Amino acid sequence: MNNSTPITSDKPAIDTRTVNRSTDDPLQPMRSFARLLDDIVRVPGTTISIGLDPLLNLIPFAGDAVGTLMSVSLLVTAVRMNVPKRILARMIVNIGIDSLIGAIPAFGQVFDFVWKANTKNMALLERYAVMPETTKKASSTALIIIMVVVLGIIGMTFVSAYWLLKLLAFALNIPLW
């Protein structure tokens, strides 16, 4: 006889003990905050909506920092809810992309209106709440793809730098090594 207890799926995917009990939906406060940051105002006559994050990022340096800190607050709440590390890592990647590209003058401001890291992170949490195993596997796959792309970019940077130096050495008629 097998005395091990079977694994049941009755356990909620997200630990709601640390969430505000005033609502039936433990993700509602986070959802509202993400909406405030990314989608609070709809541009009239379009399907485009903007929030505080892209508006804050119009303020050089300080706006980027404040926007990132506000995004990190959603991440901290997810940590308190015992969300798995794989999903937290994807949330960090979303925030990192938003922060790094958003810091590029001019292009970053336009990017902030399009890339909605907080909305993406809420979608991850909502998927995890409904389909925990599928979301964990998808997060692992996405992280592997991101790591391969980043390593590829780093590798291409080194190869490009080498060929550029080689070309420069040839043009100046000096030995490379």
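Look a little higher up for the structure.
A brief look at the structure comes next. (Residues numbered from 1 in each chain as written. Predicted model: local features only at pLDDT ≥ 70, side-chain atom pairs only at ≥ 80, totals over all residues. Heavy atoms only, no water.)

### Things to note about the overall build of the chain
When helices and strands are counted, the chain shows seven helices and two strands. Walking the chain from its N terminus toward its C terminus, one meets helices and strands in the order α-β-β-α-α-α-α-α-α. Of all 177 residues assigned to the chain, the portion counted as buried reaches 30%. A separation of at least 24 residues holds for 57% of the contacts in the chain among residues at least 6 apart in sequence. (Helix = DSSP H or I, 4+ residues; strand = E, 2+ residues; numbered from the N terminus. Buried < 20%, exposed > 50% of the residue type's maximum accessible area, 1.4 Å probe, protein only. Contact = heavy atoms within 4.5 Å.)

### Considerations on empty space enclosed by the protein
By the definition in use, this model includes one cavity of 30 Å³ or more. There is about 40 Å³ of room inside the largest cavity. Residue lining of the largest cavity: Asp-53, Asn-57, Asp-64, Gly-67, Thr-68, Asp-98, Ser-99 and Gly-102, and that is the complete set. Among the secondary structure elements, those contributing two or more residues to the lining of the largest cavity are α3 (62-80) and α4 (85-102). For the lining of the largest cavity, the class distribution of residues is no nonpolar, five polar and three charged. (1 Å grid on protein atoms, 1.4 Å probe; cavity = no way out; pocket = protein on both sides within 12 Å on 5 of 7 lines; lining within 4 Å. Points joined across faces, edges and corners; volume = space filled by probe spheres on them. Nonpolar A, V, L, I, M, F, W, Y, C, P; charged D, E, K, R; others polar.)

### Quick notes on the pattern of salt bridges
One pass over the structure, following the stated rule, counts three salt bridges. Linking Arg-31 and Glu-126 is a salt bridge whose minimum nitrogen-to-oxygen distance equals 2.4 Å. A residue pair is termed long-range when its members are at least 10 positions apart, and Arg-31 in helix α1 (residues 28-38) and Glu-126 in helix α6 (residues 117-130) qualify at 95 residues. The class of Glu-126 is partly exposed, set by a relative accessible area of 29%. Ionic pairing is found between Lys-116 and Asp-39, a salt bridge with its closest N-O pair at 2.8 Å. Remark: Asp-39 occurs in the loop between α1 and β1 (41-42) and Lys-116 occurs in the loop between α5 (107-114) and α6; sequence separation between them is 77 residues. (Salt bridge = Lys/Arg side-chain N within 4 Å of Asp/Glu carboxyl O.)

### Digging into the packing of aromatic side chains
Inspection of every chain in the model, using the stated rule, returns three aromatic pairs. The interplanar angle of 75° and the centroid separation of 5.6 Å between the aromatic rings of Tyr-162 and Trp-163 together place this pair among those described as edge-to-face. One aromatic cluster is present, built from ring pairs that chain together Phe-107, Phe-111 and Trp-115. Stacked on the ring of Trp-115, the Lys or Arg Lys-120 has its end atom at 4.4 Å from the ring centre. (Phe/Tyr/Trp six-rings, centres within 6.5 Å; stacked < 30°, edge-to-face > 60°. Lys NZ or Arg CZ within 6 Å of the ring centre and 35° of its normal.)

### With respect to unusual backbone geometry
Backbone geometry at Ala-106 places phi at a positive 65°, although glycine is not the residue there. Note that Ala-106 resides in the loop between α4 and α5. Exposure remark for Ala-106: the relative accessible area of 57% places this residue in the exposed category. Even without being glycine, Asn-173 reaches a positive phi, approximately 55°. Position of Asn-173 among the secondary structure elements: in the segment after α7 (132-171).

### Describing the packing of α1 against α6
Direction vectors running N to C along α1 and α6 enclose 155°, while the axes themselves pass 8 Å from each other. Classified by the interaxial angle, the pair formed by α1 and α6 is roughly antiparallel. α6 is crossed by α1, and the crossing has left-handed handedness. Listed contacts from α6 to Met-30, Arg-31, Ala-34, Leu-37 and Asp-38 of α1 are Ala-117, Asn-118, Thr-119, Met-122, Leu-125 and Glu-126. Each residue belonging to the contact of α1 with α6 can be placed in one class, and the counts come to six nonpolar, two polar and three charged. (Axes fitted to C-alpha atoms, helices over the stretch in contact; angles between N-to-C directions. Parallel < 35°, antiparallel > 145°, perpendicular 65-115°, else oblique. Left-handed = near helix turned anticlockwise from the far one by under 90°.)

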